Amino acid sequence: MEWLQAVLAALAACWLASKLLRWARTLWQLSRLPHPRMGLLGCTEMMMDQDHISQIFTRFANQLGGIFYVRVLHVPMVIVADPALWQAALAPGTDLPKAPTVYGTIDQMTSPGGRHPNLLGHGSHSGYWRLVRKGVAPAFSPRNIRAEFPHVLELTEQLSEVLYRAGPQQYLDLDNLLQRESLDVIARIGFAQDFGTITAYRPQPPPPQQPLLQPDTAGAAAAVAGSRGGDAAGRQRGSGRGGGGDSTSGTGGGGGAIDANIFAVMQGAGAEVVARLSNPLRFLLRHITADGRRGERDLRDMQGRMRLLLAGIQARGPPADTDTSIAAHLLRLRDPSTGKPLGDERLAAEIGLFFFAGFETTGHTMAWTLFLLAQHPEAEAKVCAELDALGLLVTPSRPHPRRLEYKDLSRLRCLGMESMRLVPVSGGTMRVSPDKPLVLGGHTIPAGVEILLAVHGLMNCERYWDRPTEFLPERWEEPQAEYWLGGTSSKPGAARGASASSAEGFEMLEDEEALAAGLDATRPPKRFLPFAAGLRNCIGQNLAKMNVHATLAVLLSRFSFQLPPELMGPGALWDLHANRLTMQPKDGLPMRCIPRPGSSSDEGRTA
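Residues numbered from 1 in each chain as written. Predicted model: local features only at pLDDT ≥ 70, side-chain atom pairs only at ≥ 80, totals over all residues. Heavy atoms only, no water.

Asker: Explanation requested: the packing of helix α5 (residues 100-110) against helix α12 (residues 262-278) in the structure shown.
Answerer: Geometry of a packed helix pair, given as the angle between the helix axes and the separation of the axes. Relative to each other, α5 and α12 sit at 150°, their axes nearing to 9 Å. Classified by the interaxial angle, the pair formed by α5 and α12 is roughly antiparallel. Handedness of the α5/α12 crossing: right-handed. Where α5 approaches α12, its residues Thr101, Val102, Thr105, Ile106, Gln108 and Met109 are matched on the opposing element by Met266, Ala269, Gly270, Val273, Arg276 and Leu277. (Axes fitted to C-alpha atoms, helices over the stretch in contact; angles between N-to-C directions. Helix = DSSP H or I, 4+ residues; strand = E, 2+ residues; numbered from the N terminus. Parallel < 35°, antiparallel > 145°, perpendicular 65-115°, else oblique. Left-handed = near helix turned anticlockwise from the far one by under 90°. Contact = heavy atoms within 4.5 Å.)

Put into structure tokens, the structure is as follows:
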């Protein structure tokens, strides 16, 4: 037996030596790329300030160029922020696979233990990805999204009512409320469900006995008190819960006991995913530590509710031919190998993904837009001028403006684009070099190395933008501003194959058009890609665009939004920013919602 032990030990030593040799060779090859100074532990700055990792990458891109490598402990990573290299990396012939370290963890959110990978993590060459992507994409076609516009208006009316009831003196967590609105929109449009999370919102009362706080500060602290969690673990995980409690009297129309508490459930599940991404050992210890067990319960709670929602949908019977919802398209999918419908676990996982991928990102986008407009009154004035010119703004002489119409959305040029550039809610998309070395921008990336296509770096690097750290909505008045022409600012008429019109703004794309967007070889590469590009672009971007434009247009036509004094300074964005899978306000976004002159709690509404 001694000889067997010696052989096994020798084999283990050889295996370990080969791994170390491969790792050393990979680092040696990557050392030829530009890189910041790193010590034995790698780039410790990234570990010390995880809330600003995206900004750190952008600073490195300013210093080192659009492609460089970093290392955290033993793990190397290549960062790409160059528009031309983005275009090359996302081209159909390259189509880098998703990194399992990230997307495998997200799979744990939508199915127990991640047993059923969802659409997000599957490779685009897999039959399953093609089945779901092609099968569900019609739900997001411009025609179908336009037909759902009245639902967004109705839910925005509910949100307006919450703001009117609170009054202009009370701080509300607008990030929390706008996530609720986005969640209710997805539920209503995608699954014919009424979650009721908007109307269930209850502002936190001001905390008692705070004599050292000014009234403004006390109110703002109360608005976000719930988002800090009730214990240290909750604060560390950044759950973002609250900023207002829930009244769980919401109903789940169409079967299935889904109540308004689903909002807190989904946020808890998302917080657990963030915690597992930050600490890979957490998954292994999920049944051992108290915090791990609580996080596992959050995930199982969300998964159970998605199965309950699926059961309610299935109880309605087969979808009608005219049903264009996400739910209907999922139910119509057939496994090509068996010809049978997808199993319930897979369907429930995809349902969970559509909620998770949509409600946080859209809600944070709207919240950041209101934050930036509140910090820049001159930009808000331009938005108001657009709304006024369209007859949509509440004024003393027009207390009851006309109702927003779908065609108005394309006329609102000052909404959304600059906030999505300055504070993109997605930090990037994590890919991995394929089985053989990848040559990108003249640099060889060894097989198996993770590659981050850095969204913040792409849209905030001073190599590709003029004054990138400033909030300048007027930059989108420049023709084809979303393209990079080799300088820091687009020049009128310089884009090959481009018209003289201003940036694309609110534009709905068919799925085939979206798959090719940003990769047109006859045009310069895009430097503005908040929804990514190529085969793995955001499938729900049409719904997100419509919701963002419509909701912000209605809210800004009726209210101005005021930040507490401590969030008005030039460093407020940095202090507020947190990188938690999505880029979000760290502890909520307290704002006063002040009805515009001419409106009151009983006026300013459209019939």
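Asker: Just checking my understanding: could you explain the packing of aromatic side chains for this structure?
Answerer: The description of an aromatic ring pair uses the distance of the two centres, along with the angle that the planes make with each other. All chains considered together, the criterion is met by twelve aromatic pairs. The interplanar angle of 85° and the centroid separation of 6.0 Å between the aromatic rings of phenylalanine 60 and phenylalanine 68 together place this pair among those described as edge-to-face. Accessibility classification places phenylalanine 60 together with phenylalanine 68 in one group, the buried group. Between phenylalanine 191 and phenylalanine 355 the ring centres are 5.0 Å apart and the planes differ by 25°, which places this aromatic pair in the stacked class. Placement of the pair is phenylalanine 191 in helix α9 (residues 174-191) and phenylalanine 355 in helix α16 (residues 344-375), with a sequence separation of 164 residues. (Phe/Tyr/Trp six-rings, centres within 6.5 Å; stacked < 30°, edge-to-face > 60°. Buried < 20%, exposed > 50% of the residue type's maximum accessible area, 1.4 Å probe, protein only.)

Asker: Where do I start with the side chain of histidine 364 in this structure?
Answerer: Its place among the elements puts histidine 364 in helix α16. At 2.7 Å, the side chain of histidine 364 forms a polar contact with the side chain of aspartate 175. With residues near it in sequence (within four places) discarded, histidine 364 still touches Asp175, Gln179, Val425, Thr582, Met583, Gln584 and Pro585. (Polar contact = N/O pair within 3.5 Å; in protein donor to acceptor, adjacent residues only side chain to side chain.)

Asker: What is the right way to look at the sheet that holds strand β13 (residues 590-595) in this model?
Answerer: Sheet strands line up and pair through hydrogen bonds in the backbone, either parallel or antiparallel. Here we have three strands laid out as an open sheet, ordered β3-β13-β10, and antiparallel in their pairing. Lying at the two open borders of the sheet, with one neighbouring strand each, are β3 (171-173) and β10 (559-562). Adjacent strand axes in the sheet meet at a mean angle of 45° when their direction is disregarded. By the bridge criterion, three bridges tie β3 to β13 in an arrangement that is antiparallel. Paired with tyrosine 171 across the two strands is arginine 592, which belongs to β13. Strands β3, β10 and β13 of the sheet are contacted by helix α8 (residues 149-166), whose axis makes an angle of about 65° with β10. Contacts from helix α21 (residues 541-558) reach β10 and β13, with the element oriented near 90° to β10. (Pairing = 2+ DSSP bridges.)

Asker: Looking at this model, I keep getting lost on the packing of α8 against α21. Mind explaining?
Answerer: Closest axis-to-axis distance for the α8/α21 pair is 10 Å, and the angle between their directions is 40°. When the axes of α8 and α21 are compared, the crossing they make is right-handed. Residue-level contacts link Phe149, Val152, Leu153, Thr156, Glu157, Leu159, Ser160, Leu163 and Tyr164 of α8 to Met546, Asn547, Ala550, Thr551, Val554, Leu555 and Arg558 of α21. When its residues are assigned to classes, the contact of α8 with α21 shows ten nonpolar, four polar and two charged. (Nonpolar A, V, L, I, M, F, W, Y, C, P; charged D, E, K, R; others polar.)

Asker: Is there a simple way to explain the nonpolar core in this structure?
Answerer: It is characteristic of soluble globular proteins that their nonpolar side chains tend to be buried jointly. Formed by 153 residues in total, the largest nonpolar core has its most connected members in Val78, Phe191, Phe355 and Phe561. Ranked by residues supplied to this core, first place goes to α16 with 16 residues. When sequence neighbours within four positions are dropped, the list of residues in contact with valine 78 reads Leu30, Leu33, Ile67, Phe68, Tyr69, Ile445, Val449, Glu450, Ile451 and Leu452. (Core = buried A, V, L, I, M, F, W, Y, C linked by side-chain atoms within 4.5 Å.)

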